[in-house]
Structure formats: structure tokens, C-alpha cells
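Summary of structural features
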Amino acid sequence: MQFQFDNLSEFFNMAGHGPYVWVCYLVTFIAIGYLLIAPIRTQKKLLKSYKRQEQVAQSENSDAPASVTEAKQSW
Amino acid sequence: MAWTWFHQLGSPRWFYEKSTAWLPWLISIALILLAVGSIWGLGFAPADAKQGNSYRIIYIHVPAAFLALAGYYIMAISGAIGMIWRMKVSFVVLRAAAPIGAILTFVSLFTGAVWGKPTWGTWWVWDARITSMLILFFLYLGVMALQNAFESEDAANKASAILALVGTVNIPIIYKSVDWWYTLHQPATIKFTEASTIDPSMKYPLLIMVIGFYVLYATALILKTRTEILQKERKAKWVKDLALAS
């Protein structure tokens, strides 16, 4: 098994087919990146907002007035 | 007792907690396989005698199309399980599978169009394989649209599960289209029942990419299912505890 191209510019050019090949790989890897990154980001955001809601709910139920003001400020 | 796993699988919490441990492994395996397969296919596999270098698109086009089809099975089967056994998680999987399948179908249509230009001289033809893949894309979009078209979640789940199930008639048509209507799209090069019509030096990177896409699909499906679970179970105590611990 050996590298099929003489140099890097030939590798990118692929005897004229380069633009077709590279645009396909680019689009595919953007799609793959989106499939993996988007749900992880959404999960982090959801957990963060639940945490805030829960902290507010807890501090409103407790008697400590200090934490109430603190939580209110964070909104 | 033997069926405990089946019921556990139906528990969103069990699924979420188990999958936390699987994910780092799945993501690493998917990325390694995709990287190795791409580099092998792009740089080290020999050029095709007829198509030159444009054929290197096969290493993403074929795996994406495989998973577009396999993803449809997964979506339809989870719809059926949801309808029959009323398992909570299965409708969640149905919801999660639709956009992933739509993206993979789009990738296979897009890479096919770009591959068609230097090979067939056209971006698009109304060839049977291509047209049935376009229908698959619209079926995925239809399932996604139906899920948001109802006030009641139960009605949305049922309607989208029925559309997913009815749409499975399209799957054998896609598989057989290259044999029934032999027009432009080439027939399958990897065959399971007889010798493949692809040289081993080109086949091994393709197999790596196919496995890589399967692992990627599993990872993406688990990730999306977890997101849906977090949204559905936001009132549950375990989600609140999880959020506070994060």
C-alpha cells in the first residue's frame, strides 16, 4: 500500500476531480460534526437551565433570605 | 427474569445512565474508523480504471446511503414497538432517528449529485434509485413534521409511527431499483451472497467506512435520544439531581 499521488498539490487536484471529491468530504464531515456536537451542546444547555430553576426553587423554599436574593439576581 | 433487560431498556433513566458510560468509547471508535477509512480511501486506495479519482466519493456516499436505509428501519421498528408495547423510550428513539436519517439521506443525495457531474455529466437524473432516495428524504421530513403538527404528544407519536411504518414499502424499492430499472445508477458493488465486484484494495477502506458510519449512527442516535429524554423527564427527580450535580 502506497500513497497514490506524487505530491500534495496533485493530491488536492486529483487529476481534475479534486473539487468534486473534496466538497463531498467537507459536507459529510460538517454533517458528522453537527450530529455529534449539536446534541451534546443542547444537553449541557438543558442541564444548566434545570440547575438554575432548581436552585431558585430550593432557595425560595428555604428560610435563608441571603440565598433568595442571590438566586433572584442570577435571573 | 430473562426479560428484565427489555423492561429496563424501556426506562429512560436506565438508558440515560448506562449510555453515559458507553459514549466516550463510541465517539472515539467512530472517529478513528472514519479517519482511517477516509485517509485510506482518499490517498492510498488506487484510482478507478474508468472513473479516475472521482470514485473516491464512494467511501462516504455508500456508507451514508446504507445508514440512511438502516436508520429508516430503526425508526419504523421503534414506531412499531411503541405502538404495540407502549414502551416510553421507543417513541423517543423514533423522534431522535428522524432528523439523523434525514441528514444522512441528504449526505448521500448530495455526494451522489456531486459524483454524478464528472461521471455521468449531470448533477441530477430522475433515475429510479435517485428518485426513491429522494422519496426517503421526504419521508424522514414528513415524520419530523408530523411530530410537531399535533397538540397532543400521543397523537403526534402515533401519526408519525404510522407514517414511518407505511413508508417502509419504499425500502425494498430502493434496494431493488438498480436491478429492476437499470438506467444510470450502477448496481451494488458489495454483495453478501456472491463475490463483490470491487477490488479488495478498494473494498477494505470501504468496509472500514461502513463500520465507522454504523458506529457513528449509533452514537448520534444515543446522543439525540438522551437530549429527548432530558426534555421529557425534566420534572423527574433524577434529572433534577443530575442538573444540580452538573
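Residues numbered from 1 in each chain as written. Chains lettered and ligands numbered in written order. Predicted model: local features only at pLDDT ≥ 70, side-chain atom pairs only at ≥ 80, totals over all residues.

1. Remarks on the overall build of chain B
Tallying secondary structure elements over chain B gives 9 helices and 0 strands in all. Each helix (α) and strand (β) of chain B, taken in turn from the N terminus, gives the series α-α-α-α-α-α-α-α-α. Dimensions of chain B, computed from C-alpha atoms along their principal axes, come out at roughly 60 × 35 × 35 Å. A burial count over chain B gives 41% of its 246 residues as buried. Taking all contacts inside chain B whose residues are at least 6 apart in sequence as the whole, residues at least 24 apart take part in 76%. (Helix = DSSP H or I, 4+ residues; strand = E, 2+ residues; numbered from the N terminus. Buried ≥ 20, exposed ≤ 12 C-beta atoms within 10 Å, placed from the backbone. Contact = placed C-beta atoms within 7 Å.)

2. Topic: the overall build of chain A
In terms of regular secondary structure, chain A is built from 3 helices and 0 strands. Its helices and strands in sequence order give chain A the pattern α-α-α, from N to C terminus. Taken over 75 residues, chain A has a buried fraction of 12%.

3. What about the interface of chain A and chain B?
Counting residues at the interface gives 28 residues for chain A, matched by 39 residues for chain B. For the side of chain A that touches chain B, the leading source of residues is helix H2 (residues 18–61) of chain A, giving 20 residues. Taken together, the residues of the side of chain A that touches chain B break down into 21 nonpolar, 5 polar and 2 charged. (Nonpolar A, V, L, I, M, F, W, Y, C, P; charged D, E, K, R; others polar.)

4. A word on the confidence of the model for chain A
All names here are of chain A. In this model, chain A carries an average pLDDT of 84, and 83% of its residues clear a pLDDT of 70 or more. Model confidence for chain A, summarised as mean pLDDT per element, is weakest for helix H3 (residues 65–74) at 49 and strongest for H2 at 93. Note that pLDDT drops below 50 for residues 71–75; the model gives that stretch 4 contacts with residues more than four away or on any other chain. (pLDDT = per-residue confidence, 0-100.)

5. What about H2(A)?
The end-to-end C-alpha distance of H2(A), which contains 44 residues, comes to 64 Å, matching closely the 64 Å that a straight helix rising 1.5 Å per residue would cover. If you look at H2(A), its biggest bend is around 25 degrees, right at A:Tyr34. What H2(A) keeps buried is the set A:Tyr20, A:Val21, A:Cys24, A:Thr28, A:Ile32, A:Leu35 and A:Pro39. Looking at the buried positions of H2(A), the neighbouring elements they touch are helix H2 (12–44), helix H3 (58–85), helix H4 (88–120) and helix H8 (200–232) of chain B. (Expected span 1.5 Å × (residues − 1). Bend = angle between axes of the 7 residues up to and from the residue.)

6. Considering the nonpolar core
Across soluble globular proteins, nonpolar side chains show a tendency to be buried alongside one another. Judged by nonpolar contacts, the single largest core of 67 residues is most densely connected at B:Ile57, B:Ala64, B:Met75, B:Leu94, B:Ala97, B:Ile100 and B:Leu221. Listed by contribution, the elements that provide at least two residues to this core are H2 of chain A together with H2, H3, H4, helix H5 (128–147), helix H6 (153–166), H8 and helix H9 (237–245) of chain B. The greatest single-element share of this core, amounting to 16 residues, is contributed by H4(B). With sequence-adjacent residues up to four places away left out, B:Ala97 is seen in contact with B:Gly71, B:Ile74, B:Met75, B:Ser78 and B:Leu221. (Core = buried A, V, L, I, M, F, W, Y, C linked by C-beta atoms within 7 Å.)

7. Regarding the packing of H5(B) against helix H7 (residues 170–180) of chain B
All names here are of chain B. It is the contact of H5 with H7, at a shortest axis distance of 8 Å, that shows an interaxial angle of 165 degrees. Taken together, the axes of H5 and H7 are roughly antiparallel relative to one another. For the pair H5 and H7, the sense of crossing is left-handed. For the pair formed by H5 and H7, the contact residues are Ala128, Arg129, Ser132, Met133, Ile135, Leu136 and Leu139 on the first element and Asn170, Ile173, Ile174, Ser177, Val178 and Trp180 on the second. Residue composition of the contact of H5 with H7, grouped by class: 9 nonpolar, 3 polar and 1 charged. (Axes fitted to C-alpha atoms, helices over the stretch in contact; angles between N-to-C directions. Parallel < 35°, antiparallel > 145°, perpendicular 65-115°, else oblique. Left-handed = near helix turned anticlockwise from the far one by under 90°.)

8. Things to note about the confidence of the model for chain B
With 93% of its residues at a pLDDT of 70 or more, chain B has an overall mean of 90. Interface scoring of the predicted complex returns ipTM 0.88; its pTM is 0.88.

9. Points about unusual backbone geometry
Residues other than glycine seldom take positive phi values, yet A:Met14 does so here, at roughly 50 degrees. Inspection of the secondary structure assignment puts A:Met14 in the loop between helix H1 (8–13) and H2. Its identity as a non-glycine residue notwithstanding, B:Arg86 has a phi of 55 degrees, on the positive side. Residue B:Arg86 is classed as exposed on the basis of its C-beta count, with 11 C-beta atoms lying within 10 Å.

10. Concerning the environment of B:Val107
With respect to the helices and strands, the residue B:Val107 is situated in helix H4. In sequence terms B:Val107 and B:Pro172 are 65 residues apart; their C-alpha atoms lie 20 Å from each other. Residues in contact with B:Val107, not counting those within four places in the same chain, are A:Val27, A:Thr28, A:Ala31 and B:Ala64.

11. With respect to the packing of H3(B) against H6(B)
All names here are of chain B. Where H3 contacts H6, the two axes come as close as 8 Å, and the packing angle between them is 130 degrees. Considering the angle they form, H3 stands oblique to H6. Here H3 runs over H6; the crossing is left-handed. Side by side, H3 and H6 meet where Met75, Ala76, Gly79, Ala80, Gly82 and Met83 of the first sit next to Asn157, Lys158, Ser160, Ala161, Ala164 and Leu165 of the second.

12. Comments concerning H4(B)
All names here are of chain B. Taking 1.5 Å per residue, 33 residues should reach 48 Å; H4 reaches 47 Å between its end C-alpha atoms and fits that length. Along H4, the largest kink reaches about 25 degrees and is centred on Ala97; proline Pro99 follows within four residues of it. Among the 33 residues of H4, 26 are classified as buried, and the element is accordingly described as predominantly covered. Once H4 ends, the next one or two residues include Gly121, with phi positive near 80 degrees.

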